[in-house]
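Each chain, written out:
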Amino acid sequence: MPELPEVETVVRSLRPLLIGRRITGVEMPQNGPNSSARARLRRILATPAKDFSRRLCGARVTDVRRYGKNVLIELSPPGEETDVRCLLVHLGMTGRLVWHDTPETRSPHTHVVFALDAPGCWLHYTDIRRFGKLRLADPRGKELSKLGPDPLEISREAFYERLRSRRAMVKSLLLDQRFVRGIGNIYADESLFRACIHPAAIASRLNRERASRLYDGIRETLTHAIELGGSSISDYVDAQGRAGWFQLEHQVYRRTGEACPQCGTLIRRMVIASRSTHFCPRCQRGPTRPGLRPVAIGRSTPHVAPRTRKGIPARRDAEKPPTTRGFSP
DNA sequence: AGTTCCCTGAGG
DNA sequence: CCTCAGGGAACT
């Protein structure tokens, strides 16, 4: 579930490995279960496989950026070596971009292997569920322009104005990439908890103070998650195969029936926008009741102190990343 | 604005 | 066997 913090972590780990390097080859292994390689690739590549490979070969990486949940690998300008400006990667649910020292694929779910102009440098795109996408695009093109503002860049006032005009449930809006880009199910739930706002609250009914609290909740949650390298649930790792640690600090996400870390009330689950939604019915009271706050909120003081649960060990691959095999930068 | 589907693996 | 997990496109 790569969301903003996971994609940001992938981008940061990718930058020193890719910038300045040339793509010298693109291989698409013919392995994998069930469907044919052609069928698998059609879901992942927007361009026919042959053209995809041909147009990328020779391109040099000039920059690697994050745009919402997308990884933008920017390439040398058109005319110089290739007509392609940008390789846009969306990791979907289970997509990984991982550096390997061999082009050989270990996983039947590795769909694309990029060869780079340095010895022992291959970038593998692996995606078990194939919700991800690789496409050749113009970063100023229309697909990215549909996305809303980045929650770490928008101003407090602009955020409030956007919320004010919408009658949807606030959680649905946070998940809507046209409203803000980069938030997914984990960080929507965690941000709402941090802001003490009920996920089913109607956006336009949030007053300035609550909107402001949500703004801070989102930013603090995302910033903290980025510092910890994201959340490694499902099988997320960065480009060097390292897992994140933020899953140990989830307050409500997938903690249905456990005690709220703030007040001890049992965490509840409901479905909003066809997604599991986890919240504390006491700390995040009534969808339409304004201004209820069980605890004082400081602007820069987190409402909930970071906490690591005792007795819950880190995921195995968090301690021992499974995809780092003899990597040497 | 809400629902369904895609896809695979985990867990009951 | 079954249900659940979910980003986002394509529906209603």
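This text gives an overview of the structure that appears in the document. (Residues numbered from 1 in each chain as written. Chains lettered and ligands numbered in written order. Predicted model: local features only at pLDDT ≥ 70, side-chain atom pairs only at ≥ 80, totals over all residues. Heavy atoms only, no water.)

The environment of DNA strand B is formed by nine residues, the closest being Arg43, His109, Ile128, Arg130 and Ser274. Near the protein, within 4 Å, the atoms of DNA strand B are sugar or phosphate in 69% of cases. Within the side chain of histidine 109, one N or O atom sits 2.9 Å away from a phosphate oxygen of DNA strand B. In the model, a base oxygen of DNA strand B is placed 3.3 Å from a nitrogen or oxygen of the arginine 129 side chain. A per-class count over the surface near DNA strand B returns two nonpolar, three polar and four charged. (Near = heavy atom within 4 Å. Polar contact = N/O pair within 3.5 Å; in protein donor to acceptor, adjacent residues only side chain to side chain. Nonpolar A, V, L, I, M, F, W, Y, C, P; charged D, E, K, R; others polar.)

Now for the nonpolar core. Counting residues in each nonpolar core, the largest one holds 37 residues, and the members touching the most others are Phe52, Leu56, Leu87, Val112, Phe114 and Leu134. Here this core gets six residues from one element, more than from any other, and that element is helix α1 (residues 4-18). The contact partners of leucine 56, leaving out residues within four places of it in the chain, are Ile23, Val26, Leu75, Val84, Leu87, Phe114 and Leu136. Leu175, Leu192, Ala195 and Phe246 belong to the second largest nonpolar core, which has 32 residues in total. (Core = buried A, V, L, I, M, F, W, Y, C linked by side-chain atoms within 4.5 Å. Buried < 20%, exposed > 50% of the residue type's maximum accessible area, 1.4 Å probe, protein only. Helix = DSSP H or I, 4+ residues; strand = E, 2+ residues; numbered from the N terminus. Contact = heavy atoms within 4.5 Å.)

At a minimum axis separation of 9 Å, α1 and helix α8 (residues 208-227) run at an interaxial angle of 40 degrees. For the crossing formed where α1 meets α8, the hand is right-handed. Note on element contacts: α8 touches α1 through Leu222, Ala225 and Ile226, opposite Leu4, Pro5, Glu8, Thr9 and Arg12. Tallied by class, the residues present in the contact of α1 with α8 amount to five nonpolar, one polar and two charged. (Axes fitted to C-alpha atoms, helices over the stretch in contact; angles between N-to-C directions. Left-handed = near helix turned anticlockwise from the far one by under 90°.)

Here the focus is the environment of phenylalanine 179. Position of phenylalanine 179 relative to the elements: it lies in the loop between α6 (170-175) and α7 (185-194). Residues phenylalanine 179 and glycine 230 lie 51 residues apart in sequence; the distance between their C-alpha atoms is 22 Å. The residues touching phenylalanine 179, leaving out its near neighbours within four places in the chain, are Gly148, Pro149, Phe159, Arg162, Leu163, Arg166 and Leu173.

A word on the sheet that holds strand β5 (residues 95-100). Across the sheet, which stays open at both edges, the four strands sit in the order β1-β6-β7-β5 with antiparallel pairing between neighbours. Each edge of the open sheet is held by one strand with a lone partner, namely β1 (23-27) and β5. Pairwise comparison of adjacent strand axes, ignoring direction, gives a mean angle of 20 degrees for this sheet. Bridge count between β1 and strand β6 (residues 110-116): four bridges; the pairing is antiparallel. Opposite isoleucine 23, over in β6, you have leucine 116 as the bridge partner. Against the sheet, α1 makes contact with β5, β6 and β7 (122-127), and its axis sits at roughly 35 degrees relative to β5, the strand it touches most. (Pairing = 2+ DSSP bridges.)

Attention now goes to the packing of aromatic side chains. Aromatic ring pairs are defined here through the distance separating the ring centres and the angle between the ring planes. Under the criterion given, the structure shown has four aromatic pairs. Ring geometry for phenylalanine 52 against phenylalanine 114: centres 6.4 Å apart, planes inclined by 55 degrees, an arrangement best described as tilted. A residue pair is termed long-range when its members are at least 10 positions apart, and phenylalanine 52 in helix α3 (residues 49-56) and phenylalanine 114 in strand β6 qualify at 62 residues. Comparing phenylalanine 52 with phenylalanine 114, the two get one shared label, buried. The rings of Phe159, Phe179 and Tyr215 are connected pair by pair, giving a single aromatic cluster. Over the face of the ring belonging to tyrosine 67 we find arginine 181, whose NZ or CZ atom lies 3.8 Å from the ring centre. (Phe/Tyr/Trp six-rings, centres within 6.5 Å; stacked < 30°, edge-to-face > 60°. Lys NZ or Arg CZ within 6 Å of the ring centre and 35° of its normal.)

Further remarks concern the protein's contact with DNA strand C. In the vicinity of DNA strand C, 13 residues are found, and the nearest of them are His90, Arg129, Phe131, Tyr253 and Arg275. Here the atoms of DNA strand C within 4 Å of the protein split so that 54% fall in sugar or phosphate, with bases taking the remainder. Within the side chain of histidine 90, an N or O atom sits 2.3 Å from a phosphate oxygen of DNA strand C. Within the surface near DNA strand C, the residues separate by chemical class into three nonpolar, four polar and six charged.

Another aspect to go through is the pattern of salt bridges. By the definition in use, this model includes 21 salt bridges. Taking the shortest distance from any N to any O, the salt bridge between aspartate 138 and arginine 140 comes out at 3.6 Å. Here arginine 178 ties to aspartate 176 by a salt bridge, and the two come within 3.2 Å at their closest N and O atoms. What makes arginine 178 exposed here is its relative accessible area of 57%. When salt bridges with common partners are traced through the structure, they connect Glu8, Arg12, Arg66 and Asp150 into a single cluster. (Salt bridge = Lys/Arg side-chain N within 4 Å of Asp/Glu carboxyl O.)

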